[in-house]
Amino acid sequence: MVDYHIRLDGVTKTFGALRVVDNLRLDIVRGEFLSLLGPSGSGKTTILMMLAGFQDATEGTIYVDGHMINDIPSHRRNMGVVFQSYALFPHMTVAQNVAFPLKMRGVGRAEIDARVNRALDMVQLAALSERRPAQLSGGQQQRVALARALVFEPGVVLMDEPLGALDKQLREQMQLDIRELHGRLGLTIVFVTHDQSEALTMSDRIAVFNKGLIEQIDTPRMIYDHPATRFVAEFIGETNLMEGEIAGREGGEALIRLDSGGMLRVRDRAEFDAGRRVLATVRPEKVELSEAPAAINSIPVAVTDSIYQGDHLRVQLQGPGQRLVARRDRRAAEWTPGAKINATFAPEDCWVIVP
Amino acid sequence: MAGKLISAVFGVLAVCFLLLPLVVILPLAFTSSQFLIYPIPSFSLRWFEELFTTPVWRDSIVNSLIIGAGTTILATVLGVLAALGLREKLNFISAPLNTVFLLPMVVPAVVLGVGMQILYAKLGLSSSYAGIIIAHTVIAIPLVIVSVANSLQGMDTRLELAAASLGAGPAATLRHVTLPLAFPGIMTGAVLAFAVSLDEVVLNIFLAGPGQRTLARQMFATLRDSISPAIAAAAFLFIAGTVLLTLLVLLARRRFSGAR
Ligand SMILES: Nc1ncnc2c1ncn2[C@@H]1O[C@H](COP(=O)(O)OP(=O)(O)OP(=O)(O)O)[C@@H](O)[C@H]1O
Ligand SMILES: [Mg+2]
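Here the structure is a predicted model, which means the values were calculated and not measured. (Residues numbered from 1 in each chain as written. Chains lettered and ligands numbered in written order. Predicted model: local features only at pLDDT ≥ 70, side-chain atom pairs only at ≥ 80, totals over all residues. Heavy atoms only, no water.)

Colleague: Would you mind showing me how to read the packing of aromatic side chains here?
Modeller: Here the distance between the centres and the angle between the planes together describe a pair of aromatic rings. Residues and elements named next belong to chain B. By the definition in use, this model includes 8 aromatic pairs over all chains. Ring centres of F30 and F43 lie 5.5 Å apart, and the angle between their planes is 10°; on these two criteria the pair is classed as stacked. Of this pair, F30 sits in the loop between α1 (2-25) and α2 (46-53) while F43 sits in the loop between α1 and α2, placing them 13 residues apart in sequence. For the ring pair F30 and F48, a centre distance of 5.3 Å and an interplane angle of 40° mean the geometry is tilted. With F30 in the loop between α1 and α2 and F48 in helix α2, this pair connects stretches of sequence that are 18 residues apart. (Phe/Tyr/Trp six-rings, centres within 6.5 Å; stacked < 30°, edge-to-face > 60°. Helix = DSSP H or I, 4+ residues; strand = E, 2+ residues; numbered from the N terminus.)

Written as structure tokens, this is what we have:
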């Protein structure tokens, strides 16, 4: 039996006529790292605000450990929150900031000191405990915010784009640190981001949001390899989309007649009947390029550009009636613009969705 | 270049214009003469002695301090509460309420004085410390509200959300987060309230009895019948007190911003 830590049941949030979150059903498993991923304005922060108790749900119920918490005020929810802006108290030292939640819980002085020290050790900031937030770098402030949200051992930690203000290198380091802490402390983490690579790196599961609705919720691997909708396919990474319809089945594979002409053999999804309009999706790194046409799934294309991108080569292609993009090893043959070649891919690398 | 020169000259002139009256009056506080005139025959502290020994002067100083302290406390407490309350977006009442609180800044003191005199007669507050303190509080509150609201506005509201998420209830959040962060504004408001009370003459004329005569009121009265250098000494006390308070605020702000 799955142990649900948090359950959102039909949660809706409206601001006037605007439905920011629409009848959301979401179960968060105990100890999982769940990312809420979506474009700006898709309602991610609003969901977190409702979980933290900073905003009321217009409709619906939120359960934690099976108990409804809609009417419990924030300060009794026992959830750690990490804000994008860190929200450290500027008039307190690092140690006082981290001690704050313990002080609010009436923990004794000696125990506070011990736990603050442990928390600061955990984020490697023990040496800076007497500094004020303004005397710290962005990354250090981020660590203080993290220590403060964890020191009172909440079961749930909510993070709203906590790494958004950091530069790339520090962000990637913090991603690994947070992931490691998550594993070590067995926390349930709800992590809001609009950075898809961050979500792929850190999460056990990703919920992809669009306009207040979940488009798909699944593991990073499933989200990337088997996107449920066109929105997910295009939002997570880059993809090639080819429109057509199911023409039939053969040997465990489906045949798709492309609108641009040509036939594709793809991994079968039994739920799609013959005649159904579909989109075939192929990730750029799965597209092979060759001068000679392949036996199956071969699309004649002309190279329009070939761009060196450090770790790979990005080749832009013009096929019949549509553009394609391929991502090749940088040591592969360089194709000069104008070259007439063939793009091809294996049936199992092509995932079919409805348009 | 020319523009800079002009603005420098203008600046110096403006400062002279503001400071000249002080420069003229202050040395006279230390005169040994009977009269408020230059040149000063010799240096003496006799007028300060007069100030602190003559009952009318001494009482008026004590009254100013009592009324000033009462006003500062009352106006600061109410002003802070009002500023906190006005921050809540109570949609339709917030804006008009804000205007009502700030009204005493623009209503002429004479008008207020007449109104209060009639009201106080009915309430039995005429010629009482409480009456004067309340009257001064009315004109001091807007200053407290404005300076506290100013520092609340500059505060990140997520700090209060953060405090709540860390287990602080509304009272604890107010005590440990909101008020400490608004402290510079509260301090400024309190000093302004004290200064306004010290300086107030018009309301005192309408509302105070002989028992509540303040230093400012006493100076005003003295000016009319005998122009004695005691006025200059009183003025000196005023200036010294104000400068001291300003330094206090600067120091408090300095300490606070050092804390950031
Ligand atoms: N207090 C509010 N009043 C009115 N509208 C609001 C309020 N808060 C949020 N919204 C609207 O709700 C929508 C969702 O906002 P939300 O902050 O949840 O988005 P988000 O997914 O977190 O976006 P981002 O990635 O930009 O942070 C937006 O269109 C926003 O304008
Ligand atoms: Mg957001």
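Past the structure itself, the notes keep going.
Colleague: Sorry if this is basic, but what is going on with the packing of helix α4 (residues 138-150) of chain A against helix α5 (residues 168-185) of chain A here?
Modeller: Relative orientation and spacing of two packed helices are given, respectively, by the angle between their axes and the distance between those axes. Residues and elements named next belong to chain A. Taken N-terminus to C-terminus, the directions of α4 and α5 make an angle of 15°; their axes are 11 Å apart at the nearest point. Between α4 and α5, the angle is such that the two are roughly parallel. Once α4 is placed against α5, the crossing between them reads as right-handed. Here G139, Q142, R143, L146 and L150 of α4 lie close against α5, whose contacting residues are L170, M174, D177, I178, L181 and L185. Residues belonging to the contact of α4 with α5 are distributed by class as follows: 7 nonpolar, 2 polar and 2 charged. (Axes fitted to C-alpha atoms, helices over the stretch in contact; angles between N-to-C directions. Parallel < 35°, antiparallel > 145°, perpendicular 65-115°, else oblique. Left-handed = near helix turned anticlockwise from the far one by under 90°. Contact = heavy atoms within 4.5 Å. Nonpolar A, V, L, I, M, F, W, Y, C, P; charged D, E, K, R; others polar.)

Colleague: When you look at the interface of chain B and chain A in this model, what are you seeing that I'm missing?
Modeller: How big an interface is tends to be stated in terms of accessible area lost as the parts join. The partner chain A presents 22 residues to the 21 residues of chain B that form the contact. Carbon and sulfur atoms make up 73% of the area that chain B and chain A hide from each other, which totals about 1900 Å². Here chain B is connected to chain A by 0 salt bridges. Counting across the chain B and chain A interface gives 3 residue pairs in polar contact (both at pLDDT 80 or more). Going through the elements one at a time, α7 (158-165), α8 (170-199) and α11 (230-259) of chain B are the ones with two or more residues in the side of chain B that touches chain A. Tallying contributions element by element places α7(B) first for the side of chain B that touches chain A, with 7 residues. (Buried area = accessible area lost by both parts, 1.4 Å probe. Salt bridge = Lys/Arg side-chain N within 4 Å of Asp/Glu carboxyl O. Polar contact = N/O pair within 3.5 Å; in protein donor to acceptor, adjacent residues only side chain to side chain.)

Colleague: Explain the site of ligand 1 to me, please; I cannot follow it from the model alone.
Modeller: Residue and element names in this part refer to chain A. Surrounding ligand 1, one finds 13 residues, the nearest of these being S40, G41, K44, T45 and T46. In this structure, an oxygen atom belonging to ligand 1 sits 2.8 Å away from a side-chain N or O atom of K44. The contact in question runs from an oxygen atom of ligand 1 to an N or O atom on the side chain of E161, over 3.4 Å. Listed by contribution, the elements that provide at least two residues to the shell around ligand 1 are β2 (18-29) and α1 (44-52). The element contributing the most residues to the shell around ligand 1 is α1, with 3 residues. Considering only residue class, the shell around ligand 1 consists of 4 nonpolar, 7 polar and 2 charged. (Near = heavy atom within 4 Å.)

Colleague: Mind showing me how you'd approach a nonpolar patch on the surface here?
Modeller: On the surface, B:V15, B:F17, B:L18, B:L19, B:L20, B:V23, B:V24 and B:Y38 cluster together into a nonpolar patch covering about 820 Å² of accessible area. Looking at the element boundaries, B:L19 is found in helix α1. (Patch = residues over 30% accessible without salt bridge, like charges linked within 9 Å, V, L, I, M, F, W, Y side chains within 5 Å. Areas by Shrake-Rupley, 256 points an atom, 1.4 Å probe, with all protein chains shown as cover.)

Colleague: Explain α4(A) here, please?
Modeller: Structurally, the α-helix is built with 3.6 residues per turn, so residues lying three or four positions apart point the same way. Between its terminal C-alpha atoms α4(A) stretches 18 Å, which fits the 18 Å expected from 13 residues at 1.5 Å a residue. In terms of residue burial, α4(A) counts as a mostly covered element, since 11 of its 13 residues are buried. All of the buried residues along α4(A) are A:G139, A:Q141, A:Q142, A:R143, A:V144, A:A145, A:L146, A:A147, A:R148, A:A149 and A:L150. Among the structural elements, β6 (79-82), α2 (94-104), α3 (109-122), β7 (156-160) and α5 of chain A together with α7 of chain B are those in contact with the buried residues of α4(A). (Expected span 1.5 Å × (residues − 1). Buried < 20%, exposed > 50% of the residue type's maximum accessible area, 1.4 Å probe, protein only.)

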